Every structure is written in structure tokens, then in C-alpha cells.
Amino acid sequence: MRSVLIANRGEIAVRVARACREQGLTTVAVYSEVDRDAPHVRAADRAVCIGPAPARESYLRTEALLDAARTAGADAVHPGYGFFSENAAFARAVQEAGLTWIGPPPDAIAIMGDKLAARETAGRAGVPLVPGAEIDAGNAKAVAAKIGYPILVKAAAGGGGKGMRTVASEAELDEALAAAGREAASAFADGRVYLEKLLLRPRHVEVQVLGDTHGTLVHLGERECSVQRRHQKVVEETPCPVMTDALRTRMTDAALAAARAVNYVSTGTVEFLLDERGEFYFLEMNTRLQVEHPVTEWVTGIDLVHAQLRVARGEPLGFTQKDVRFRGHAIEVRLCAEDPAASFFPSAGPIVALREPQGPWVRVDSGIAQGFTVPVEYDPLLSKLSAWGEDRATAARRLWHALRDTAVLGPTTNLAFLQDVIAHEAFLRGETHTGFLGEHFPAWRSGDDDAAAVAAAIALTRPAASTGATTTAAPSPFETLGRWRLA
């Protein structure tokens, strides 16, 4: 392996490029026409345009990506997350083109990418399952009645909350089935759906697994990702606040059993729902690097992208389960271009000014820069902010201060919302569940002063003032306004 094509964009493409450089590998970025000046393009050694802005005409075109690899001389492909990262056909196409696929075997992707096949596989491996069943055109109501309301209608393919509907009673079922099927067909070209029992107030807890081609398979602990909106994660942390040694053993053993069932290699995540009684149930397996991988890296000291690269080269992990050590607590939030006060409606436009936090025990995984225009065509994730502490309270406090030291002027973001979530008493007590935002933030509004935002924008963007031979930089808003926050 000498040169890696990164088949993605945004912060994850920047993250992968950095890891490749650290291992002496050259990198090739791909970009759509709207991403020509994006930070991930500048982060790579070479860059190839693969088409117009719509993802289906650029980042989701197999031939365009393979052509870019051939043109740039890349001999390996890293998919990041999203786009083609969990597409078995793309993984096979990469391998058939004679390139190294930096990810799990295509067969494992195919099985775990089909939620019905994944449930069946996990069940055979002895992993607890949420009550649920496949349906056909005529038996949906009978199946739903047997499972018991409330239920979830879920897409058989894909993930990320797409093709999912909550159903409280039989009167809502037909409409939910039709809507979920349409959304699933649009997002995944597969309109199949199935029914699953809706657990009330569960925690979303996942286990990071990592395997090589020499038979080593380990877990790197769990992450809790319960703070979500529309099944999209907002806050992630490790360890889970209510985890016990006994529960961790049972859950990680189940995760490893699910991974072994598909001969898993590379990074992956087995996701569970944890109920209030301490019972857990298999949700799905994500056969890729997760957005929230930094918190695991914080507490284990293991670089997951470096591990992916080594495994793809056929090297052993170099450690076993007994070598994995956990230290402290880490929390991550996702900074997105969206308006929490308007149902998280996506925002777009140029970033007029940007300030990202610095300091010990704070990490920023960013895909943006001042002057970059946030496009409307893609996921609104801008960057990830995470912090580590010896305990959960310290990590939360550090992350809150990091958010206070962050400013994004231009698109509306969820920055102030994240500050309020991290500072909420229930969050600080660890009382999180998948309905946390609906319970505590049903109608959030920012308390920021618009006048302060305007003044901050002027302070950050004002040209330098020249006084004779001396040039003085414009003062930052932190100098001009003192402590402030902006979303």
C-alpha cells in the first residue's frame, strides 16, 4: 500500500488523510464541483474532481471513484463513513479493480447491512434480539398485534434513521408502512421494511470491535449514544454512565459473538438498546468507522484509523484483549449546520468567520475553514468536538468550556444548543435515554443576543487597520465582547 484514495468528504476525509500521512502514505482526495475549495481537498496530496454537486452524480458513482484512483495512481480505497462505506457492491468493485479495500470483507458488509439478515445472524450467535419480525403485504397488522404496540417500522437496508417510523396504534400502521417504504426506497434503493417492538426510554449503547486477518478480534469498550434527534446521534461518550463490570462483560461478549459470526475484520460497531432493567438487545452492526470513534481513541489510546490501515495491509493488530486498557472518560458532540429552534432544519452558506477551541484534553475533528461555503447537498455535520477527563464530570466541564470558546459565523449551527445539552442537570447526572431531547428540550430557543452576534461578525471580519508602518490585526470578538456564544 502506497497511495490511498479517500472516497469521502468533510471531516472524516481530513481525519483519514492525516492518519495516512503519519504512516508515510500519499493521499488522493475526491471532490464534487461544489467542494472544489473544501478543506479535505487541501488535506490530500492530490485531488480529482468526480462530478457535479448531487452525491449520486459524484460521491456515489462507483466508476467515477475507480477512475479517480486509476488516474491518481492510488492502490487502496478508504471509504470513511456514509456514502459507500457500508456498500458491499462497492467494496467488491474496489477489490475487483485490483485495489486494497480498507474495511471489512464485502460479505460481512452485505449480511450486517441487511437488517433482517443481521437479526437472523446475531440471533443464531446467541445475541439477545428486540422482538420483531419481517412482514409481507397481507400480515403486517397481525404481526404488529403479536409484537404489541408501540412498534417501529424499520427499513431492512441502510440506517441512520432513514425509513423508520414510530407507530402507537393500528390506526397509524398503514400510513407508517407506506411512508417508511418510500423513504427507504429513496435512500437505499430498497423499500423493504420490518416491524420491531419499541422499547421505552432505552439507552443506545454500542461496542467497538476491531479484528485482523490473523484471527485476533478484540473489543475496545462501549460508547453511549443515547442523546439523539430523529435517530441521529448528537452526543456520544465512553464509558456508559450506568455500565457495570458484569454488564460490560455480557455486552462485549455478545458484540464479539456477532462479529465472529460474519468473520469480521477491521473496525466495526455492534449496537444495542439497554433497557431500564439492565437487559440489552441487538440493534444493528455498523460495518465501518463510526463518527464517534474519537471518544474510544481518547480512553484507549488506540488510533482506529491507523489500525484500519495496518489490518488492510495484512499486518496483525499487535495486541490482544488483555493489552487493552481504559482510562478516564470522554464525551463528543457533533457541530452541525442546522437550526435546533426550527426543527433542526439544515443551514448552508459561507462561513464568514470561524474560531475553534484549543487547549489540553480537547480535540477538534473539523471539515470546515473560514471562507468555505457549506453546501446544501450533503450531511450538515461540520466538525466534532470532544474532551477527555479523569472522570465524567471533568470531561463534561472541559467540553462545555470548549464549546464556549467556539464561534461559527455564517450558517446557523447547533452550537448554543449543544452547550445547553451538556450543561443540563439530567445529562450531568447521567440520566440519558433515546428520548432525552424530546423530554428536556421539546421547544428549545437560543438565549443569544443577536446584536452580539453582529458585533462579533464585524470584529472577526474587519480588515486589518494600518497605522503607518505598523499593521494591527482586527481584535477577536472575545477581546471585544468578552464571553459570548453563538449558534
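Data block above holds the structure.
Participant: Sorry, what's going on with the overall build of the chain here?
Facilitator: Secondary structure assignment for the chain yields 17 helices and 25 strands. Seen along its three principal axes, the alpha-carbon backbone of the chain occupies a region of about 80 × 50 × 45 Å. Within the chain, buried positions represent 56% of all 487 residues. A fraction of 65% describes how many contacts in the chain between residues 6 or more apart in sequence connect residues 24 or more apart. Carbon and sulfur atoms make up 51% of the accessible area of the chain, which amounts to about 19,800 Å² in all.

Participant: Hey, could you run me through the side chain of Glu 222 in this one?
Facilitator: Position of Glu 222 among the secondary structure elements: in strand E11 (residues 217-229). A polar atom in the side chain of Glu 222 sits 2.9 Å from the backbone nitrogen of Cys 240. Ignoring anything within four residues of it in the chain, the contact list for Glu 222 reads Val 205, Glu 206, Val 207, Glu 237, Thr 238, Pro 239, Cys 240, Met 243 and Arg 248.

Participant: Can you walk me through the sheet that holds strand E3 (residues 46-51) in this structure?
Facilitator: The pairing of strands in a sheet comes from backbone hydrogen bonds and takes either a parallel or an antiparallel form. With respect to topology, 5 strands assemble into an open sheet ordered E3-E2-E1-E4-E5, the strand pairing being parallel. Looking at strand neighbours, the two that pair on one side only are E3 and strand E5 (100-101), the edges of this open sheet. Where strand E2 (residues 26-32) lies against E3, 5 bridges are found, and the strand directions are parallel. Its bridge partner being in E3, Ala 29 is matched across the sheet by Ala 47. The strands that helix H3 (residues 62-72) touches are strand E1 (3-6), E2 and E3; relative to E3, the one it contacts most, it runs at about 150°.

Participant: Mind showing me how you'd approach the packing of aromatic side chains here?
Facilitator: By convention here, two paired aromatic rings are described through the distance between centres and the angle between planes. The final tally for this structure, using the stated rule, is 11 aromatic pairs. A centroid spacing of 5.5 Å and a plane angle of 85° characterise the contact between Tyr 59 and Tyr 378, whose relative ring orientation is edge-to-face. One end of the pair, Tyr 59, is in the loop between E3 and H3; the other, Tyr 378, is in the loop between strand E21 (373-374) and strand E22 (381-389), and 319 residues separate them in sequence. Grouping residues by exposure puts Tyr 59 and Tyr 378 together as buried. Ring geometry for Phe 90 and Trp 101: centres 5.9 Å apart, planes at 80°, overall edge-to-face. Here the residue Phe 90 occupies a position in helix H4 (residues 88-96), and Trp 101 occupies one in strand E5, the gap between them amounting to 11 residues. A single burial state applies to Phe 90 and to Trp 101, both of which are buried. One aromatic cluster in this structure is built from Phe 344, Phe 417, Phe 436, Phe 441 and Trp 444.

Participant: Explain the pattern of salt bridges here, please?
Facilitator: Opposite charge on two side chains allows them to pair when their charged atoms are near. Counting across every chain of the model gives 38 salt bridges. A salt bridge links Glu 276 to Arg 201; the shortest N-O distance between them is 3.5 Å. One end of the pair, Glu 276, is in the loop between strand E13 (266-274) and strand E14 (280-286); the other, Arg 201, is in the loop between strand E9 (193-197) and strand E10 (203-211), with 75 residues separating them in the sequence. Classification of Glu 276 as exposed rests on a relative accessible area of 63%.

Participant: When you look at the sheet that holds E13 in this model, what are you seeing that I'm missing?
Facilitator: Taken together, the 8 strands give an open sheet; going across it, the order is E14-E13-E10-E11-E12-E15-E22-E20, and neighbouring strands pair in antiparallel fashion. Both outer strands of the open sheet, E14 and strand E20 (362-366), are each paired with one neighbouring strand and no more. On average, adjacent strands in this sheet sit at an angle of 25° to one another, irrespective of strand direction. With 8 bridges joining them, strand E15 (residues 329-336) and E22 adopt antiparallel strand pairing. In the sheet register, Ala 330 faces E22, and the bridge partner there is Trp 388. Taken strand by strand, helix H13 (residues 415-423) contacts E11, strand E12 (232-238) and E15, and its axis lies near 150° from that of E15.

Criteria and thresholds
- Residues numbered from 1 in each chain as written.
- Predicted model: local features only at pLDDT ≥ 70, side-chain atom pairs only at ≥ 80, totals over all residues.
- Heavy atoms only, no water.
- Helix = DSSP H or I, 4+ residues; strand = E, 2+ residues; numbered from the N terminus.
- Buried < 20%, exposed > 50% of the residue type's maximum accessible area, 1.4 Å probe, protein only.
- Contact = heavy atoms within 4.5 Å.
- Areas by Shrake-Rupley, 256 points an atom, 1.4 Å probe, with all protein chains shown as cover.
- Polar contact = N/O pair within 3.5 Å; in protein donor to acceptor, adjacent residues only side chain to side chain.
- Pairing = 2+ DSSP bridges.
- Axes fitted to C-alpha atoms, helices over the stretch in contact; angles between N-to-C directions.
- Phe/Tyr/Trp six-rings, centres within 6.5 Å; stacked < 30°, edge-to-face > 60°.
- Salt bridge = Lys/Arg side-chain N within 4 Å of Asp/Glu carboxyl O.

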